[in-house]
Amino acid sequence: MSAVRPVYAARFLALVVAALASGAARAQSDPFVDALPVDRAAVGYLLRFERSPYRGAERGADHLPLYFYEGEHAYLHGTRFGVKFKAADWRLDTFIAYRFEGFTHDRRPASTAGLDPREPGFDAGVSLRRPLSWGTPYVELLHDVSKSSEGTEFRAGYWNDWHRGRLTLRPQLVLAWRNARLNNHYYGTPDYQAGAGLDASAMLYADYSVSESWHLLAGLGAIRRSHQITASPLAQAGLGAQAFLGFMYDFSPKQARWAPESKPLIAKVLYGNSSDCDMLQIMRFSCTTRHTADNTDIAALHVGRKLIEGAGGWPVDLAGFVGIQRHFEKSYQDDFWSVMAFFKVYWYGWPWDRWVRTRFGMGSGLSYSEQITQMELRDQGRRGRGNWKLLNYLDPSFDVRVARDTYVGVGVSHRSGAFGKSQFLGNINGGSNYIYLSLETSF
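Here the structure is a predicted model, which is why all the values come from computation and not from measurement.

Trainee: What exactly am I supposed to notice about the sheet that holds strand β21 (residues 431–442) here?
Mentor: Within a sheet, neighbouring strands are paired by backbone hydrogen bonds and run either parallel or antiparallel to one another. The strand order around the closed barrel built from 8 strands is β14-β15-β16-β17-β18-β19-β20-β21, with neighbouring strands paired in antiparallel fashion. Across the sheet, the mean angle from the axis of one strand to that of its neighbour is 25°, orientation sign disregarded.

The following block contains the structure:
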């Protein structure tokens, strides 16, 4: 595991949750500061509608998965992984954030024909804020650390929270100075060099609590981009606009109510073979052929803790996991690592449990791969589609208990995009499957 570089892990952690924060407007801070209680998690989904900054961009809803976690000293919000420091009323954050900007191989804007993709990057940043009676002003400094743009951005902003019953509104104003390297990377052409400029944006976020766990999320945003951007032959003139609508399920109330008395460490090891079978076919046991087109394998370690036990008196548990996976690409290319983070729901209580304890699990989260697997390269290349290192991760499994808190099982390690409908996942339609055998126990 020493081969997994710290910056590589940090890049992935910045992507473990969904892209609400980065999707609302290009120049903005984190709208989910202190949105959850400490040591709590939430999931959800979002539909986002945007007037793209690029001419000739396709229109349509963008689908974004949402994952949140709030710790005592660290958090995962949107596309941001941060560490927080508090002193009196001041708060300082250091973070790694995903820059939701540019265009990829699939669904590229018409104005970018003939140009190489301008893929999103990763920014390292520092943020300082202090709440006052009239709102919360803040400043942020970000710099690309992924060698994508190598650009720098400075933001100065303000937000305030308005509460009325179950409704919370958060208006936000941001000024963002972007240097020439950042602007030129995303909007420059061989005949046009974009310089430094100042963007201004305004957003309004809304959170309505339908119940103690279910929340409706909505937002409206507008951004005025600098002349250095709008003068580019790639860019549209006028204001950029965006709206989103979604939901969030907060585990916090029920986690506290149904948390297990102890939270032992869960460790799972697995080994799997590549398969061209569809994931649903594998789950129905109608197609379980391995090494169908290439002879590649994986080995993985998942580590996690149980979050909810016997939710609502039902035979349902919830656990959270992070994992590291080694890809054995044989003669196709060098071996490499991928990492994932996901929640997993377990169903048990079957009629035969008095004789043998079994359970069905379904994990859902995100996977970030150091390289693109041979399976994905082959399948996507055959269809003329692009590839993306960050994809949705699914982990269905069926386990049988062989000793106290020890299970053997079979499952599928699955990576894919959201049918080409998620800009956050590179607009990828495709992925990969590995059928695996596993051993899981608790300590």
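Trainee: Explain the state of the cysteines here, please?
Mentor: Per the counting criterion, the structure on display carries 1 disulfide. Covalently, Cys277 is tied to Cys287 through a disulfide, its sulfur atoms 1.9 Å apart. On the sign convention where negative is left-handed, the bridge of Cys277 and Cys287, at about -60° about the S-S bond, is left-handed. Here Cys277, found in the loop between β14 (265–275) and α6 (279–283), pairs with Cys287, found in the loop between α6 and β15 (297–308); they are 10 residues apart in sequence, far enough to count as distant. Look at Cys277 and you get buried, because its relative accessible area is 2%. For Cys287, a relative accessible area of 19% puts it in the buried group.

Trainee: Mind showing me how you'd approach the pairing of β14 here?
Mentor: Successive side chains on a regular strand alternate, one facing one side of the sheet and the next facing the other. For β14, the tally of buried residues reaches 8 of 11 residues, placing the bulk of the element in the interior. One ladder, built from 9 bridges, connects β14 with β15; its direction is antiparallel. Paired with Gly272 across the two strands is Ile298, which belongs to β15. As paired strands, β14 and β21 are joined by 10 bridges and run antiparallel to one another. Residue pairing for β21: Lys268 is matched across the bridge by Glu440.

Trainee: Just to check I follow, could you spell out the side chain of Ser274 for this structure?
Mentor: Examined against the element boundaries, Ser274 turns out to sit in strand β14. Side-chain polar atoms of Ser274 contact the backbone oxygen of Asp294, separated by 2.8 Å. The residues touching Ser274, leaving out its near neighbours within four places in the chain, are Arg290, His291, Thr292, Asp294, Thr296, Met375, Asn433 and Tyr434.

Trainee: What is the right way to look at the pattern of salt bridges in this model?
Mentor: Pairing between side chains becomes possible if they bear opposite charge and their charged atoms approach one another. Inspection of the entire model under this criterion finds 28 salt bridges. Two residues, Glu50 and Arg48, come together in a salt bridge whose shortest N-O distance is 3.4 Å. A residue is classified by how much of its surface remains accessible, and Glu50, at 23% relative accessible area, is partly exposed. The class of Arg48 is buried, set by a relative accessible area of 1%. When the shortest N-O distance is used, the salt bridge between Glu140 and Arg80 registers 3.2 Å. One end of the pair, Glu140, is in strand β7 (residues 136–144); the other, Arg80, is in strand β4 (residues 80–87), and 60 residues separate them in sequence. Each member of the pair, Glu140 as well as Arg80, carries the same accessibility label: buried. Overlapping salt bridges bring together Arg80, Arg99, Glu101, Asp123, Glu140, Glu153, Arg155, Arg178 and Asp199 as one network.

Trainee: It is not clear to me how helix α3 (residues 180–187) should be interpreted in this structure. Could you clarify?
Mentor: What sets the pattern is the α-helix's 3.6 residues per turn: residues three or four places apart point alike. Among the residues of α3, those classed as buried are Leu182, Asn183, His185, Tyr186 and Tyr187. Down the axis of α3, the smallest arc covering the buried residues is 165°, so these residues share one side. On its buried side, α3 packs onto β8 (152–159), β10 (167–178), β11 (197–209) and α4 (227–230).

Trainee: I keep staring at the nonpolar core and nothing clicks. Help me out?
Mentor: Soluble globular proteins: nonpolar side chains tend toward being buried together. Counting 40 residues, the largest nonpolar core has Phe68, Phe251, Phe343, Leu390 and Phe424 as its most contacted members. Of all the elements, strand β2 (residues 62–70) adds the most residues to this core, at 4 residues.

Trainee: Could you clarify how one ought to interpret the pairing of strand β16 (residues 316–328) in this entry?
Mentor: The sheet contact formed by β15 and β16 spans 11 bridges and is antiparallel. Within the sheet, the bridge partner assigned to Leu301 lies in β16 and is Ile324. Alignment of β16 against strand β17 (residues 336–347), held across 12 bridges, turns out to be antiparallel. For Val322, the partnering residue across the bridge sits in β17 and is Ala341.

Trainee: Sorry if this is basic, but what is going on with the confidence of the model for the protein here?
Mentor: Segments scoring low in pLDDT should not have their predicted coordinates read at a detailed level. Considering every residue of the protein, the mean pLDDT works out to 87; 93% of them sit at 70 or more. This stretch, residues 1–28, has a pLDDT under 50; its non-local contacts, to residues over four places away or in other chains, come to 108 contacts.

Trainee: What am I meant to see in the environment of Lys306 here?
Mentor: Within the fold, Lys306 resides in strand β15. Using a relative accessible area of 22% as the deciding quantity, one classes Lys306 as partly exposed. As for Lys306 and Leu36, which are separated by 270 residues in sequence, their C-alpha atoms are 19 Å apart. Once residues lying within four places of it in the same chain are set aside, the contact partners of Lys306 are Pro260, Lys263, Ile266, Asp317, Leu318 and Ala319. A polar contact is formed between the side chain of Lys306 and the side chain of Glu309, at a distance of 3.1 Å. A distance of 3.5 Å separates polar atoms of two side chains, one belonging to Lys306 and the other to Asp317.

Trainee: What should I look at first to understand the packing of aromatic side chains in this one?
Mentor: Note on aromatic pairs: each is described by the distance of the centres and the angle between the planes. Enumeration according to the criterion identifies 18 aromatic pairs in this entry. Taking the centre distance of 6.1 Å and the plane angle of 35° together, the rings of Tyr205 and Phe244 count as tilted. Taken together, the residues Tyr205 in strand β11 and Phe244 in strand β13 (residues 240–250) connect sequence positions 39 residues apart. The buried category is assigned to Tyr205, whose relative accessible area is 8%. Taken together, a centroid distance of 5.4 Å and an interplanar angle of 20° make the contact between Phe321 and Phe342 stacked.

Trainee: What am I meant to see in the side chain of Asp297 here?
Mentor: By the secondary structure assignment, Asp297 is in strand β15. When its relative accessible area of 6% is taken as the criterion, Asp297 is described as buried. At a separation of 2.7 Å, a polar atom in the side chain of Asp297 contacts the side chain of His291. Looking at Asp297, its side chain comes within polar contact range of the side chain of Lys330, at 3.1 Å. With residues up to four places along the chain from it excluded, the contact list for Asp297 reads Tyr271, Gly272, Asn273, His291, Arg326, His327, Phe328, Lys330 and Tyr434.

Thresholds applied
- Residues numbered from 1 in each chain as written.
- Predicted model: local features only at pLDDT ≥ 70, side-chain atom pairs only at ≥ 80, totals over all residues.
- Heavy atoms only, no water.
- Pairing = 2+ DSSP bridges.
- Helix = DSSP H or I, 4+ residues; strand = E, 2+ residues; numbered from the N terminus.
- Axes fitted to C-alpha atoms, helices over the stretch in contact; angles between N-to-C directions.
- Disulfide = S-S within 2.5 Å.
- Buried < 20%, exposed > 50% of the residue type's maximum accessible area, 1.4 Å probe, protein only.
- Polar contact = N/O pair within 3.5 Å; in protein donor to acceptor, adjacent residues only side chain to side chain.
- Contact = heavy atoms within 4.5 Å.
- Salt bridge = Lys/Arg side-chain N within 4 Å of Asp/Glu carboxyl O.
- Arc of directions from axis to C-beta.
- Core = buried A, V, L, I, M, F, W, Y, C linked by side-chain atoms within 4.5 Å.
- pLDDT = per-residue confidence, 0-100.
- Phe/Tyr/Trp six-rings, centres within 6.5 Å; stacked < 30°, edge-to-face > 60°.

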